[in-house]
Amino acid sequence: MEVPLPPGEHVVPEVKYEYLDHTADVQLHAWGETLKEAFEQCGMAMFGYMTELSTVEIKQCYQIKTEATDDVDNLLYRFLDELLFLFSAEPFLICKKLEITKFDLDQFTIECNCYGEEFDLKKHPQGTEVKAITYSAMKIYTTPESEKNEVFVIIDI
């Protein structure tokens, strides 16, 4: 669902992710002070693998909602899958910033504002196509008073 952009400057968060080699695929490793931030960063890592995010402008905002069945792994999988769908179907949104506005680990729900613009090959260098999110070797590390919550996800390319 497209929602209006909030007024003012759109600050892009610090990059807290990296790409790890994996046989025939790629592993996303993202982290943050909170698990919510680690999820946001993991989504950004996926978009960053598809194009150079420095070429993306914030022109649109779409809100996505995700519900999982029963655990945090499923919530991460469904969140990334919803972001991939946002890119793969109209409006073909490539995101420069993700802002999770609701992160409920009791009900396993996420609401996220996705800021970016329509993907355009004339403007955005084509990276690698992401075919699917996988559960293979998915790991989520949380510690209540940690400075670094981490997620690892293998994406099928």
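Residues numbered from 1 in each chain as written. Predicted model: local features only at pLDDT ≥ 70, side-chain atom pairs only at ≥ 80, totals over all residues. Heavy atoms only, no water.

**Student:** Sorry if this is basic, but what is going on with the overall build of the protein chain here?
**Tutor:** Looking only at helices and strands, the protein chain has two helices and nine strands in total. Starting at the N terminus and ending at the C terminus, the protein chain contains elements arranged as β-β-β-α-β-α-β-β-β-β-β. Taking 157 residues into account, the globule formula puts the C-alpha radius of gyration at 15 Å, and the protein chain, at 15 Å, falls close to it. Considered along the principal axes of its C-alpha atoms, the protein chain spans approximately 40 × 40 × 30 Å. Taking all 157 residues of the protein chain together, 47% fall into the buried category. Taking contacts inside the protein chain between residues at least 6 apart in sequence as the whole, the part at least 24 apart equals 68%. Distance between charge centres in the protein chain, computed from 13 positive and 30 negative side chains, equals 4 Å. (Helix = DSSP H or I, 4+ residues; strand = E, 2+ residues; numbered from the N terminus. Rg over C-alpha atoms; globule rule 2.2 N^0.38 Å. Buried < 20%, exposed > 50% of the residue type's maximum accessible area, 1.4 Å probe, protein only. Contact = heavy atoms within 4.5 Å. Lys, Arg positive; Asp, Glu negative; His and termini not counted. Charge placed at Lys NZ, Arg CZ, Asp CG, Glu CD.)

**Student:** Please explain the pattern of salt bridges as it appears in this structure.
**Tutor:** Side chains that carry opposite charge are capable of pairing whenever their charged atoms lie near each other. By the definition in use, this model includes four salt bridges. In this structure, the salt-bridge partner of lysine 16 is glutamate 37, at a minimum N-O distance of 2.8 Å. Here the residue lysine 16 occupies a position in the loop between strand S1 (2-3) and strand S2 (17-22), and glutamate 37 occupies one in helix H1 (residues 35-50), the gap between them amounting to 21 residues. With a relative accessible area of 17%, glutamate 37 lands in the buried category. (Salt bridge = Lys/Arg side-chain N within 4 Å of Asp/Glu carboxyl O.)

**Student:** Please clarify how the sheet that holds strand S6 (residues 109-118) should be interpreted in this entry.
**Tutor:** In any sheet, the strands associate via hydrogen bonds between backbone groups, in a parallel or an antiparallel arrangement. Read from one edge of the open sheet, four strands run S1-S4-S6-S5, paired in antiparallel fashion. Sheet topology places S1 and strand S5 (93-104) at the edges, where each strand pairs with a single neighbour. Here eight bridges tie strand S4 (residues 60-67) to S6, and the two strands are oriented antiparallel to one another. Of the residues in S6, the one forming a bridge with glutamine 60 is glycine 116. Sheet strands in contact with H1 are S5 and S6, and its direction is about 165 degrees off that of S5. Packed on one face of the sheet, helix H2 (residues 72-88) meets S4, S5 and S6 and runs near 145 degrees to S4. (Pairing = 2+ DSSP bridges. Axes fitted to C-alpha atoms, helices over the stretch in contact; angles between N-to-C directions.)

**Student:** Quick question: what am I supposed to make of the nonpolar core here?
**Tutor:** Generally speaking, soluble globular proteins have nonpolar side chains that are buried together. Ranked by internal contacts, the top residues of the largest apolar core, which has 42 residues, are Phe39, Phe47, Phe79, Leu83, Leu98 and Cys114. Taken together, the elements giving at least two residues each to this core come down to strand S3 (25-32), H1, S4, H2, S5, S6 and strand S9 (149-156). It is H1 that provides the largest number of residues to this core, a total of nine residues. Residues contacting leucine 98, with those up to four places away along its chain left out, are Glu40, Gly43, Met44, Phe47, Phe79, Leu83, Cys112, Asn113 and Cys114. (Core = buried A, V, L, I, M, F, W, Y, C linked by side-chain atoms within 4.5 Å.)

**Student:** What exactly am I supposed to notice about the packing of aromatic side chains here?
**Tutor:** The relation between two aromatic rings is expressed through the spacing of the ring centres and the mutual angle of the planes. In the structure shown here, the tally under the stated rule is seven aromatic pairs. With a centroid separation of 5.4 Å and 75 degrees between ring planes, the pair formed by phenylalanine 87 and phenylalanine 119 is classed as edge-to-face. One end of the pair, phenylalanine 87, is in helix H2; the other, phenylalanine 119, is in the loop between S6 and strand S7 (132-133), and 32 residues separate them in sequence. Given a relative accessible area of 16%, phenylalanine 87 falls into the buried group. Grouping aromatic residues by their ring pairs yields a cluster made of Tyr17, Tyr19 and Tyr49. (Phe/Tyr/Trp six-rings, centres within 6.5 Å; stacked < 30°, edge-to-face > 60°.)

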